[in-house]
Amino acid sequence: MGSDGNLKLPVIDFTNLKFEANKNPNWEDVKSQVYKALVEYGCFEAIFDEVPLELRKAIFCALQELFDLPLQTKILNVSKKPYHGYVGQYPMVPLYESVGIDDANVHEKVESMTNIMWPHGNPSFSNTIQCFSEQLAELDEIIRKMILESLGVEKYLEEHMKSTNYLLRVMKYKGPETSDTKLGLSTHTDKNIVTILCQNEVEGLEVLTKDGKWISYKPSPHSFVVMIGDSLHAWSNGRLHSPFHRVMMSGNEARYSVGLFSVPKGGCIITAPEELVDEEHPLLFKPFDHVEFLKYYYTEKGQRDQFALRTYCGV
């Protein structure tokens, strides 16, 4: 099943849109667009001018520098959380490798990871990663505030924001060096709260609509892809859509991608607010611990299960 060239993700402009909702005349209009896009598609393309082009260029230079390191160095990036460390060498997706950086908006945490990769330090890499993550975290905060206001549960905003931290996952997809399309990353939904993706100008990302059509995303140097994960789908009691997506590669050029993931903290129980459960919207998922769910998802059975969240804690 190929992509439909006529379909496009909704585009939402966050230019000059700061967090002070009550002082910004565009807030309500943009909020309405965000909610509609996340209900219908589970994702959208965001124009966000707070990240300068120089920083975007710097992040992709930093990625190339990181992935050019020897494999024995990259595998030193380890984490107790599943899929938060180095990922690569998978026969199923031979074109893909990635490195995770927990708390990437906190300079000390980034520096600590950097010093493992470069024992003599690499301040340029650390500063680029931390600054980029900090800017994208601002966009994440705006979007999540808009979501909670749209759902009428903004009283939970502080608790909701404090229940997560940020994982920056940097990814490289080798060009398959063929005009045939090859799988870069298998079809999946994200498992976190919100994902914000930035990529170089090599195409590959495809998003599945609710009616089974694939949308090919054409990267822009000025925009990001925002996507809902299963944890927010469950927290919103199914009101927001968590879309299936994949990466399909062709040609010789490598695709570099950076994703900022807002992730529930370990021990945090995800449960839909009582205001979002009623006769029209019965409870869809039992309360669950995100880290425990990930442990199931990364078992052999969980990896085969397209609807792993429903299997794990569906009502």
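Residues numbered from 1 in each chain as written. Predicted model: local features only at pLDDT ≥ 70, side-chain atom pairs only at ≥ 80, totals over all residues. Heavy atoms only, no water.

A look at the overall build of the protein chain
Consideration 1: In terms of helices and strands, the protein chain carries 10 helices and 13 strands.
Consideration 2: Here the C-alpha atoms of the protein chain give a radius of gyration of 19 Å, agreeing with the 20 Å that 2.2 N^0.38 yields for 315 residues.
Consideration 3: Counting only C-alpha atoms and orienting by the principal axes, one finds that the protein chain spans roughly 55 × 45 × 45 Å.
Consideration 4: Residue burial in the protein chain is summarised as follows: out of 315 residues, 56% are buried.
Consideration 5: Summed over all atoms, the accessible surface of the protein chain reaches about 14800 Å², with 51% contributed by carbon and sulfur.
Consideration 6: Within the protein chain, one finds 32 positive and 43 negative side-chain charges whose respective centroids are separated by 5 Å. (Helix = DSSP H or I, 4+ residues; strand = E, 2+ residues; numbered from the N terminus. Rg over C-alpha atoms; globule rule 2.2 N^0.38 Å. Buried < 20%, exposed > 50% of the residue type's maximum accessible area, 1.4 Å probe, protein only. Areas by Shrake-Rupley, 256 points an atom, 1.4 Å probe, with all protein chains shown as cover. Lys, Arg positive; Asp, Glu negative; His and termini not counted. Charge placed at Lys NZ, Arg CZ, Asp CG, Glu CD.)

Description of the UniProt feature "domain: Fe2OG dioxygenase" (unreviewed entry) in the protein chain
Consideration 1: Here the UniProt-annotated "domain: Fe2OG dioxygenase" (unreviewed entry) positions come out as residues 163-264.
Consideration 2: When the span residues 163-264 is considered, its composition is 6% helix and 56% strand, and the gap between its end C-alpha atoms is 6 Å. (UniProt positions renumbered as here; feature names shortened; annotations may be inferred.)

Remarks on empty space enclosed by the protein
Consideration 1: On inspection of all chains with the given rule, the structure shows one cavity of 30 Å³ or more.
Consideration 2: In this structure, the largest cavity spans a volume of roughly 30 Å³.
Consideration 3: Every residue lining the largest cavity is listed: A234, W235, I270, T271, A272, F285, K286, P287 and F288.
Consideration 4: Of the residues assigned to the lining of the largest cavity, the class counts are seven nonpolar, one polar and one charged. (1 Å grid on protein atoms, 1.4 Å probe; cavity = no way out; pocket = protein on both sides within 12 Å on 5 of 7 lines; lining within 4 Å. Points joined across faces, edges and corners; volume = space filled by probe spheres on them. Nonpolar A, V, L, I, M, F, W, Y, C, P; charged D, E, K, R; others polar.)

Considerations on the nonpolar core
The nonpolar side chains of a soluble globular protein tend to be buried with one another.
Consideration 1: With 72 residues, the main nonpolar core has F14, V34, F44, L66, F132 and I147 as its most contacted residues.
Consideration 2: Among the elements that take part in this core, helix 5 (residues 123-151) stands out by supplying 12 residues, more than any other.
Consideration 3: Apart from residues lying up to four places away in sequence, I147 is in contact with L38, I228, L232 and L240.
Consideration 4: In terms of nonpolar packing, the next biggest core, distinct from the first, is built from 19 residues, L9, C43, V87 and V202 among them. (Core = buried A, V, L, I, M, F, W, Y, C linked by side-chain atoms within 4.5 Å. Contact = heavy atoms within 4.5 Å.)

Considering the sheet that holds strand 5 (residues 178-188)
Consideration 1: Read from one edge to the other, the open sheet built from four strands follows the order 5-10-7-8, with strand pairing classed as antiparallel. Since the sheet does not close on itself, it has two edges, and those belong to strand 5 and strand 8 (214-216), each with one partner. The mean angle between the axes of side-by-side strands here comes to 25°, regardless of whether they run parallel or antiparallel.
Consideration 2: Both strand 7 (residues 205-208) and strand 8 contribute to a ladder of three bridges, which runs antiparallel. The partner of L208 across the bridge, within strand 8, is W214. (Pairing = 2+ DSSP bridges. Axes fitted to C-alpha atoms, helices over the stretch in contact; angles between N-to-C directions.)

Some words on the state of the cysteines
Consideration 1: Summed over all chains, the structure comprises zero disulfides.
Consideration 2: As a non-bridged cysteine, C198 has C61 as the owner of its nearest cysteine sulfur, 12 Å distant.
Consideration 3: C313 supplies the cysteine sulfur nearest to C268, a cysteine that is in no disulfide, at a spacing of 13 Å.
Consideration 4: Among the residues examined, C268 registers a relative accessible area of 17% and is labelled buried. (Disulfide = S-S within 2.5 Å.)

Considerations on unusual backbone geometry
Consideration 1: Backbone geometry at N16 places phi at a positive 60°, although glycine is not the residue there.
Consideration 2: Its location among the elements puts N16 in the loop between strand 1 (11-13) and helix 1 (27-40).
Consideration 3: N16 gets classed as exposed once you look at its relative accessible area, which sits at 59%.
Consideration 4: Its identity as a non-glycine residue notwithstanding, N237 has a phi of 55°, on the positive side.
Consideration 5: In this structure, N237 sits in the loop between helix 7 (230-235) and strand 10 (245-251).
Consideration 6: You can call N237 buried: its relative accessible area is 3%.

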